[in-house]
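So you can see what is in the structure, the chains are spelled out below.
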Amino acid sequence: MLHLGMNMPFVYMAFYGTIMIAIVILLRVLLENRMPKFVFPVLWGVVLLRLLVPFSLSSPFSLPVPENPFLSIRFLEQQLTREAEAAVLSEDRAVLAGAAENTGSVETSEVRDIDAVKEDAGTVSSSEQGSAWAGDLSGDRGVFPRHVLPSVYLLGLVVTAVILGWQKYDYAGKLKSGLLMEHNETVNAMLREMDMGHVLVFTNDEIASPLVCGLRNPRIYLPTRMDFGNKELLRHILVHETMHIRRRDNWLKCIMLIGLVVHWYNPVVWLMSKCLSSDLETACDEAVLKLCGEEERKSYAFSLLSMAITGNRNSLLYSAFSKTEVERRVKHIVHYRKATVFVIMLAVLFTFGSTVAFATGGQAPFSARLTAYCFSSNCHWGGYVRMTRELSLGKNAQERAEEAVFSVLGEDTTGDPEILESEIRTALAEEFGVERTAFSIELSLILSPEEAEAEYGAFGLTKEKDGFWLYQNETVRTFEDRILGFYQSREEGNVDISVQRDRFGKVTSLTVWRAGDQEYDERTRKLEQYKMRSYGMETEVGTEEK
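Just so it is clear, the structure is predicted and the values come from calculations on it, not from any experiment.

## Re the overall build of the chain
Line of reasoning, step 1. Helix and strand content of the chain: 17 helices and 15 strands.
Line of reasoning, step 2. By residue count, 44% of the 546 residues in the chain fall in the buried class.
Line of reasoning, step 3. Expressed as a percentage of contacts within the chain between residues at least 6 apart in sequence, the contacts between residues at least 24 apart total 67%.
Line of reasoning, step 4. For the chain, the accessible surface area stands at approximately 28,900 Å², while carbon and sulfur atoms represent 58% of it.

## Some details on the packing of helix α9 (residues 249-262) against helix α10 (residues 267-289)
Line of reasoning, step 1. Running from N to C, α9 and α10 cross one another at 175°; their axes reach a closest spacing of 10 Å. With respect to their mutual orientation, α9 and α10 come out roughly antiparallel. Here D249, L252, K253, M256, G259 and L260 of α9 come into contact with α10, specifically with V269, W270, M272, S273, L276, S277 and L280.
Line of reasoning, step 2. Split by residue class, the contact of α9 with α10 holds eight nonpolar, three polar and two charged.

## Some remarks on the side chain of D496
Line of reasoning, step 1. Following the sequence through the fold, D496 ends up in strand β14 (residues 495-501).
Line of reasoning, step 2. A relative accessible area of 0% means that D496 is categorised as buried.
Line of reasoning, step 3. There is a polar contact of 2.7 Å between the side chain of D496 and the side chain of R477.
Line of reasoning, step 4. In this view, D496 contacts R477, T478, T511, V512, W513, Y520 and R523; residues no more than four positions away in its chain are not counted.

## Quick word on the nonpolar core
Line of reasoning, step 1. The biggest cluster of nonpolar side chains holds 39 residues, and the ones touching the most others in it are L428, F439 and F479.
Line of reasoning, step 2. With six residues, the single largest contributor to this core is helix α14 (residues 397-410).
Line of reasoning, step 3. Ranked by size, the runner-up nonpolar core spans 26 residues in total, among them I21, V39, W44 and C275.

## Focus: helix α1 (residues 10-31)
Line of reasoning, step 1. Taking 1.5 Å as the rise per residue, α1 with 22 residues should run 32 Å; its terminal C-alpha atoms sit 31 Å apart, in good agreement.
Line of reasoning, step 2. When α1 is considered as a whole, its buried residues turn out to be Y12, M13, A14, Y16, G17, M20, I21, V24, I25, L27 and R28.

## Notes on the pattern of salt bridges
Line of reasoning, step 1. Applying the stated criterion across every chain, the model contains 19 salt bridges.
Line of reasoning, step 2. The closest approach of N and O atoms between D466 and R490, which form a salt bridge, is 3.8 Å. With D466 in the loop between β10 (461-463) and β11 (469-471) and R490 in the loop between β13 (486-489) and β14, the pair connects residues that are 24 residues apart, well separated along the chain.
Line of reasoning, step 3. Residues D481 and R501 are paired through a salt bridge, measuring 2.8 Å at the closest nitrogen-oxygen approach. Pair noted here: D481 is in strand β12 (residues 474-481) and R501 is in strand β14, with a separation of 20 residues, a long-range link.
Line of reasoning, step 4. Given a relative accessible area of 10%, R501 falls into the buried group.

## A word on the packing of aromatic side chains
Line of reasoning, step 1. Summed over all chains, the structure comprises twelve aromatic pairs.
Line of reasoning, step 2. An aromatic cluster is built from F10, Y153, W264 and Y265, whose rings are joined through pairwise contacts.
Line of reasoning, step 3. Directly above the aromatic system of Y384 lies the positively charged group of R369, at a separation of 4.0 Å from the ring centroid.
Line of reasoning, step 4. Positioned above the aromatic ring of Y520 is the side chain of R477, whose terminal nitrogen or guanidinium carbon lies 4.1 Å from the ring centre.

## Overview of the confidence of the model for the chain
Line of reasoning, step 1. When pLDDT is averaged across the chain, the result is 76; 71% of the residues are at 70 or more.
Line of reasoning, step 2. For the chain, helix α4 (residues 108-121) is the element with the lowest average pLDDT, namely 38, and α9 is the one with the highest, namely 94.

## Some thoughts on the environment of L289
Line of reasoning, step 1. Assignment of secondary structure puts L289 in helix α10.
Line of reasoning, step 2. Residue L289 is classed as buried on the basis of its relative accessible area, which comes to 0%.
Line of reasoning, step 3. Separated by eleven residues in sequence, L289 and Y300 place their C-alpha atoms 8.4 Å apart.

## Some points on the pairing of β12
Every regular strand shows the same layout, with side chains that alternate between the two sheet faces.
Line of reasoning, step 1. Among the eight residues in β12, six count as buried, and that is most of the element.
Line of reasoning, step 2. Examined bridge by bridge, β11 and β12 share two bridges and lie antiparallel to one another. Looking across to β12, one finds that L470 is bridged to T475.
Line of reasoning, step 3. Count of turn residues in the β11/β12 antiparallel hairpin: two residues, of which Q472 carries a positive phi of about 50°.
Line of reasoning, step 4. Note that β12 and β14 share four bridges and pair parallel. Bridging across to β14, T478 finds its partner in D496.
Line of reasoning, step 5. Two strands pair when backbone bridges link them, and β12 and β13 are joined in this way by four bridges, in the antiparallel orientation. Residue pairing for β13: F479 is matched across the bridge by Q488.
Line of reasoning, step 6. From the end of β12 to the start of β13, which pair antiparallel, there are four residues, and G485 there has a positive phi angle of about 80°.

Rules of the game
- Residues numbered from 1 in each chain as written.
- Predicted model: local features only at pLDDT ≥ 70, side-chain atom pairs only at ≥ 80, totals over all residues.
- Heavy atoms only, no water.
- Helix = DSSP H or I, 4+ residues; strand = E, 2+ residues; numbered from the N terminus.
- Buried < 20%, exposed > 50% of the residue type's maximum accessible area, 1.4 Å probe, protein only.
- Contact = heavy atoms within 4.5 Å.
- Areas by Shrake-Rupley, 256 points an atom, 1.4 Å probe, with all protein chains shown as cover.
- Axes fitted to C-alpha atoms, helices over the stretch in contact; angles between N-to-C directions.
- Parallel < 35°, antiparallel > 145°, perpendicular 65-115°, else oblique.
- Nonpolar A, V, L, I, M, F, W, Y, C, P; charged D, E, K, R; others polar.
- Polar contact = N/O pair within 3.5 Å; in protein donor to acceptor, adjacent residues only side chain to side chain.
- Core = buried A, V, L, I, M, F, W, Y, C linked by side-chain atoms within 4.5 Å.
- Expected span 1.5 Å × (residues − 1).
- Salt bridge = Lys/Arg side-chain N within 4 Å of Asp/Glu carboxyl O.
- Phe/Tyr/Trp six-rings, centres within 6.5 Å; stacked < 30°, edge-to-face > 60°.
- Lys NZ or Arg CZ within 6 Å of the ring centre and 35° of its normal.
- pLDDT = per-residue confidence, 0-100.
- Pairing = 2+ DSSP bridges.

This is the structure we're talking about:
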């Protein structure tokens, strides 16, 4: 099932577009002499689509949706506070498990309340992360005031648009002095032979190289200094320029100019414009060579050399002969061989596959959480469901998903989380009519405090009156049971304990670290860093309040 949205934020468009440009440039270097030349203008067109259109296309083959495409500057803070958040979540689960033990069942609304507590404890949606990232850069306490970045961007956009617009206006003014070659029978006959008799051809004193100008009614401009008596040269030029018209190259360049204006700040986009202009000329040469015989290809190369220039003509604005990469183009012409059917099929598959990957790889962020935290008194496992891609699941999607999860948990007789996960995926896939991989199931063990204490006691752990643990009469500093989702820490203590459980949730062993162990010392260092960071944050808040 495909899902199309028009909600991709600009920052994601720019990020994914930059990644795509880098990939196409890499492919261009590796496969330039192995693929037909039409492939790369097509890929550049897909890149421009990604840069300018805020679409998000989701499919079963899409890449996982990132929560933020940029390195989050909050990542370190989240890592340092994870221990404290885990303690909060473990207490919530303990309360939840106790309620289940006493009542035997919990209403859906109560489950959603627990989920809200988890959200408050540290789960951040992708949209909130994007806002946090923007706030870190442009908030009141950020590096820049909130209004500076948008103002700088708009100023750069206007300046870039004015510069490019002035260049086009100035060059168009020079072209107005051209003379129409309406009575040149040689030119008219050649155009009619090419089925391009409707195209107007002008001569102009202001240009030094042939070019095509115009979108709706493109025209060909030839320099006055050209040898019009050389019919072979004239034919090669007209074939080349009319090929640009047939392929709508000026339209693609116009879209490229819009991309430059919108993404003026990105040097990679400017590099893309240079590569695109070069690839358009090379693809046009290849299209012309398909119409030529062996001998005519050599004469076409000589024609290309004779008309190439080193002047100031802006290749971003018009399709024309250029000497910037003329040597590479001539080498390609000399060594040109018609592509075999296999190579053409490979090129088509490569282009199609790359286009699909680029189109579906960068999706807009969305709320991946589908269900609240769900559990049943019949099962020691509970959890919630996330989406791996953006989907339209219809009305009441959360309620329908939770009913499917509750039905699996309520009928479970295995206690095996792997089987539970598979059955939940299957139930959701049948409910919504999509592939099983569209859902990510996150299960965690649920035990009542009494059950957990009984398991721990069998391994030498006892609970003090203050709620902290002793291990063989030694004070436990940090205690974690990851599968149960329980974490506890205090400043005093002689040992750190980690509980290991098997796939069914049964305790199998304890890992014990004491002072002098590498793991213990590393944990001590992290706790000290966390305390220093927390103290610094409290001091900053206190200063602001004053």
